[in-house]
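# Remarks on the overall topology
Chain residues, written in single-letter form:
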Amino acid sequence: MAVPDQKSNADGKVWGFFKLPFRGNNANTTSSSSSTSHSSHLQHHHNQSNMQVEGSNLHTSGSVSSVARSLLPTRRRLRLDPSNKLYFPYEPGKQVRSAIRIKNTSKSHVAFKFQTTAPKSCFMRPPGAILAPGESLIATVFKFVEHPENNEKPMEQKSKVKFKIMSLKVKGPMDYVPEMFDELKDQVAVEQILRVVFLDVERPSPALDKLKRQLAEAEAAVEARKKPLEEAGPRIIGEGLVIDEWKERRERYLARQQVEGVDSV
């Protein structure tokens, strides 16, 4: 009878011996699962950190690119001749004129506008306009020249007056309205700031000759614009007889009214 007891004990020991590895496996499985979850949590946290870093890098690169774009020179829509100066004949105590050619070099209609630091003594003709692609005109600038101070020599006098030409891209041909520059401030570009240069009228120079040619061309363009208006007026034939169609229509209308009035009576 003692033998079976020993066998049963042995069996118990054997089963107990086999149970130990399984317990170890459970512990290892638990520890491995916990380590796996911990590593996955670390990996998720790492991914989030990378996403945040990438997002900050994108934001930084976007801000850098916007700053870089702001530092780039603005693409010119207009070509100016002269490019950065306005030449005036130096005649103290008189109102003198300068001229500048403005050409639209873009592929769309462009409005331009003049501004000056001395609006009381300077004005432009035209002060602004809309140019079609490739179109150009010569603007005339008027300025009153003051007498020199402190016995300065004429050509040594420096003018503090400056002019600014601004441009604005528009959708198509339309009437020029100065208020459009206030309504679309974000799209307005400063084309050029022009400084005043005086020319000695007694000393011939290429700049003075060019100024005279441009002024003559500007006057011719103004006269050409006036001719169609004059031709659109009433035609005069014979000895001052004016063809007046509306007068004939009015007489016919009054005669018809008289006939209708008689019929009603």
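Residues numbered from 1 in each chain as written. Predicted model: local features only at pLDDT ≥ 70, side-chain atom pairs only at ≥ 80, totals over all residues. Heavy atoms only, no water.

In the predicted model, the protein chain carries a mean pLDDT of 74, and the fraction of residues at 70 or more is 54%. Considering only residues more than four positions removed or in separate chains, one finds that residues 235-243, a stretch of pLDDT under 50, has six contacts. (pLDDT = per-residue confidence, 0-100. Contact = heavy atoms within 4.5 Å.)

It is worth spelling out the sheet that holds strand β1 (residues 78-81) at this point. Backbone hydrogen bonds are what pair the strands of a sheet, in a parallel or an antiparallel way. Taken in spatial order, the four strands make up an open sheet running β1-β3-β7-β5, and their pairing is antiparallel. Taken across any chain shown, the strands that pair with only one partner, and hence form the sheet edges, are β1 and β5 (122-125). Across the sheet, the mean angle from the axis of one strand to that of its neighbour is 25°, orientation sign disregarded. Of the strand pairs in this sheet, β5 and strand β7 (residues 136-144) are connected by four bridges, and their pairing is antiparallel. Its bridge partner lying in β7, F123 is registered against F142. (Pairing = 2+ DSSP bridges. Helix = DSSP H or I, 4+ residues; strand = E, 2+ residues; numbered from the N terminus. Axes fitted to C-alpha atoms, helices over the stretch in contact; angles between N-to-C directions.)

Taken in spatial order, the five strands make up an open sheet running β2-β9-β8-β4-β6, and their pairing is mixed. Each edge of the sheet is formed by a strand with only one pairing partner; in this case those strands are β2 (85-89) and β6 (128-131). Ignoring strand direction, the axes of neighbouring strands in this sheet form an average angle of 25°. Bridging between β2 and strand β9 (residues 189-199) involves five bridges; their strand directions are parallel. Considered in β9, the bridge of K85 is made with R195.

Here H109 is to be found in the loop between β3 (95-104) and β4 (110-116). Relative accessible area serves as the criterion here: at 18%, H109 is assigned to the buried category. In contact with H109, not counting residues within four places along its chain, are N104, I130, L131, A132, P133, L168, K169, V170, G172 and P173. (Buried < 20%, exposed > 50% of the residue type's maximum accessible area, 1.4 Å probe, protein only.)

Among the nonpolar cores identified, the biggest contains 26 residues, and I102, F112, F114, F163 and I165 are the most heavily contacted of them. Beyond its immediate stretch of four places on either side in the chain, F163 contacts L86, F88, Q115, T116, C122, M124, V141, Q192, I193, L194 and V196. (Core = buried A, V, L, I, M, F, W, Y, C linked by side-chain atoms within 4.5 Å.)

What follows covers the side chain of K143. One can find K143 in strand β7. The buried charged residue K143 lacks any salt bridge, with E146 as its nearest oppositely charged partner at 6.7 Å. Residues within four places of K143 in sequence aside, it is in contact with F88, K94, Q95, V96, S121, C122, S159, V161, V196 and F198. (Lys, Arg positive; Asp, Glu negative; His and termini not counted. Salt bridge = Lys/Arg side-chain N within 4 Å of Asp/Glu carboxyl O.)

Our next topic: the pattern of salt bridges. One pass over the full model with this rule turns up four salt bridges. A salt bridge links R97 to E219; the nearest nitrogen and oxygen atoms lie 2.7 Å apart. Here E219 lies in helix α3 (residues 206-231) and R97 lies in strand β3, a separation of 122 residues in the sequence. Here E219 falls in the partly exposed class, since its relative accessible area comes to 37%.

Mapped onto the secondary structure, K107 falls in the loop between β3 and β4. Separated by 25 residues in sequence, K107 and A132 have C-alpha atoms that sit 8.3 Å apart.

The peptide bond linking D81 to P82 adopts the cis configuration, its omega dihedral lying at 0°. The amide bond that connects R125 to the next residue, P126, takes the cis arrangement and shows omega of -5°. Its location among the elements puts P126 in the loop between β5 and β6.

Here A189 shows up in strand β9. Residues A189 and S167 lie 22 residues apart in sequence; the distance between their C-alpha atoms is 5.3 Å.

In this structure the tally under the stated criterion is five aromatic pairs. Arranged with centres 5.2 Å apart and planes meeting at 75°, the rings of Y90 and F198 form a pair that is edge-to-face. Note that Y90 is positioned in the loop between β2 and β3 and F198 in strand β9, a separation of 108 residues in sequence. When sorted by exposure, Y90 lands in the same class as F198, which is buried. With 4.5 Å between their ring centres and 5° between their planes, F123 and F142 make a pair best called stacked. Of the two residues, F123 is situated in strand β5 and F142 in strand β7; the sequence distance between them amounts to 19 residues. (Phe/Tyr/Trp six-rings, centres within 6.5 Å; stacked < 30°, edge-to-face > 60°.)

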